[in-house]
Amino acid sequence: EEGTRQLEKGEAEAAIKSYNEALELEPENRRNEYVYANLATIYQKRGATKKAEEMYTKALSLNPSSTKLMQLRGNLYLDGGDSKKALNDYDRIIEKEPFNEEALYYRAYIFAQAKEHEKAYTDYYKILSANPDNDKARFALALLYGKEYKNEEALLLIDNLIDKHPHTAEYYLAGSEIEKARKQYELAIVFLDEGIEKCDDTNQLYLSKAELLIKMKKREEARNTLDKLAQKGYYSAQMNSLYKKCR
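Rules used in this analysis
- Residues numbered from 1 in each chain as written.
- Predicted model: local features only at pLDDT ≥ 70, side-chain atom pairs only at ≥ 80, totals over all residues.
- Heavy atoms only, no water.
- Helix = DSSP H or I, 4+ residues; strand = E, 2+ residues; numbered from the N terminus.
- Buried < 20%, exposed > 50% of the residue type's maximum accessible area, 1.4 Å probe, protein only.
- Phe/Tyr/Trp six-rings, centres within 6.5 Å; stacked < 30°, edge-to-face > 60°.
- Expected span 1.5 Å × (residues − 1).
- Contact = heavy atoms within 4.5 Å.
- Core = buried A, V, L, I, M, F, W, Y, C linked by side-chain atoms within 4.5 Å.
- Arc of directions from axis to C-beta.
- Axes fitted to C-alpha atoms, helices over the stretch in contact; angles between N-to-C directions.
- Parallel < 35°, antiparallel > 145°, perpendicular 65-115°, else oblique.
- Left-handed = near helix turned anticlockwise from the far one by under 90°.
- Nonpolar A, V, L, I, M, F, W, Y, C, P; charged D, E, K, R; others polar.

(A) Broad picture of unusual backbone geometry. Here the phi dihedral of Lys-183 falls at roughly 65°; this positive angle occurs in a residue that is not glycine. Among the structural elements, Lys-183 can be located in the loop between helix H11 (169-181) and helix H12 (185-198). Of note, Lys-217 is a non-glycine position whose phi angle comes to about 70°, a positive value. Along the chain, Lys-217 falls in the loop between helix H13 (203-215) and helix H14 (219-231). Judged by relative accessible area, Lys-217 falls into the exposed class, the value being 61%.

Encoded structure:
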């Protein structure tokens, strides 16, 4: 309890000391599962991946059926680039909880990255069949459709997401990328302009619009677009590079 209070106050070093003292005093206490899990969280935040993995594994040894611990360790593996170990933990979760949305989502992500698209589709469909409001899965599915040039299916999902969340810039950017991929540049501009009008975070929308206008040989329009972004006080190396291409 002392370690937890210290952790809540941001005193990580003191918390580590308290947790280790608790483990030494009562090494057989079944509640040590939570001690190990909290230590894992601290080490993970510090980037000490191996130590965090060790702590999650010790926590799981005390509660092997905990899907929450499996998820935390699986996410740690995935963040560290070890998709094989992550997949093993997600598989174990889904065996116990077939509609666990988080495990299905990350397993689908691994499949998509490995170009096992049919397996990814299966997991995304499963999530959405159980929870049609899971917009994270819907967006990931739209991006996967886009990768396979299933543009109509992708755009249908993007339009649905924009209707629900009209102030989310990444949806307009995604719609623009899909239109660009099929060389519908004017339609891509429409997505970007709508996003610029409706979103608060518009920097990337302006940059993408300028880049596309340059590709369309509309350099003056591209410069005007960058000027509008500059007027907001924004500057970046990418912006400077695009200005040079407007000459």
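(B) Quick look at the packing of aromatic side chains. Inspection of every chain in the model, using the stated rule, returns six aromatic pairs. An angle of 35° between the planes, with centres 5.4 Å apart, marks the rings of Tyr-121 and Tyr-145 as tilted. Of the two residues, Tyr-121 is situated in helix H8 (residues 117-130) and Tyr-145 in helix H9 (residues 135-147); the sequence distance between them amounts to 24 residues. The residues Tyr-121 and Tyr-145 share a single accessibility class, namely buried. Arranged with centres 5.0 Å apart and planes meeting at 70°, the rings of Phe-139 and Tyr-171 form a pair that is edge-to-face. Of this pair, Phe-139 sits in helix H9 while Tyr-171 sits in helix H11; the two residues are 32 residues apart in sequence, bridging distant segments of the chain. The pair formed by Phe-139 and Tyr-171 is uniform in burial state, with each residue classed as buried.

(C) Broad picture of helix H5 (residues 67-79). With 13 residues, H5 ought to run about 18 Å at 1.5 Å a step, and its terminal C-alpha atoms sit 18 Å apart, in line with that. Along H5, ten of the 13 residues are buried, which leaves the element largely enclosed by surrounding structure. Of all the residues in H5, the buried ones are Thr-67, Leu-69, Met-70, Gln-71, Arg-73, Gly-74, Asn-75, Leu-76, Tyr-77 and Leu-78. For H5, the secondary structure elements touched by its buried residues are helix H3 (32-45), helix H4 (49-62), helix H6 (83-96) and helix H7 (101-113). In the stretch just after H5, Gly-81 is the one whose phi turns positive, near 85°.

(D) Spatial organisation of the nonpolar core. In this structure, Leu-39, Tyr-124, Ile-158, Leu-205 and Leu-226 are the most contacted members of the largest nonpolar core, which totals 78 residues. In contact with Leu-39, not counting residues within four places along its chain, are Ile-16, Tyr-19, Asn-20, Leu-23 and Met-55.

(E) Inspection of the environment of Leu-187 at higher detail. Mapped onto the elements, Leu-187 comes out in helix H12. Of the residues examined, Leu-187 reaches a relative accessible area of 38% and is grouped as partly exposed. When the C-alpha positions of Leu-187 and Gly-175 are compared, they lie 9.1 Å apart, and in sequence the two are twelve residues distant. Apart from the residues lying within four places of it in its own chain, the contact partners of Leu-187 are Glu-179 and Arg-182.

(F) Seen up close, helix H15 (residues 237-245). Buried within H15 we find Met-239, Leu-242 and Tyr-243. All buried residues of H15 lie within an arc of 105° about the axis, which places them on one face of the element. In the core, the buried residues of H15 are packed alongside H13 and H14.

(G) Geometry of the packing of H5 against H6. Where H5 meets H6, the closest approach of the two axes is 8 Å, and the angle between their N-to-C directions is 160°. Judged by the angle between their axes, H5 and H6 are roughly antiparallel. Considering the relative orientation of H5 and H6, their crossing is left-handed. On the side of H5, the interface is formed by Thr-67, Met-70, Gln-71, Arg-73, Gly-74, Asn-75, Tyr-77 and Leu-78, while H6 contributes Ser-83, Lys-85, Ala-86, Asp-89, Tyr-90, Arg-92, Ile-93 and Lys-96. Of the residues belonging to the contact of H5 with H6, the class tally is six nonpolar, five polar and five charged.

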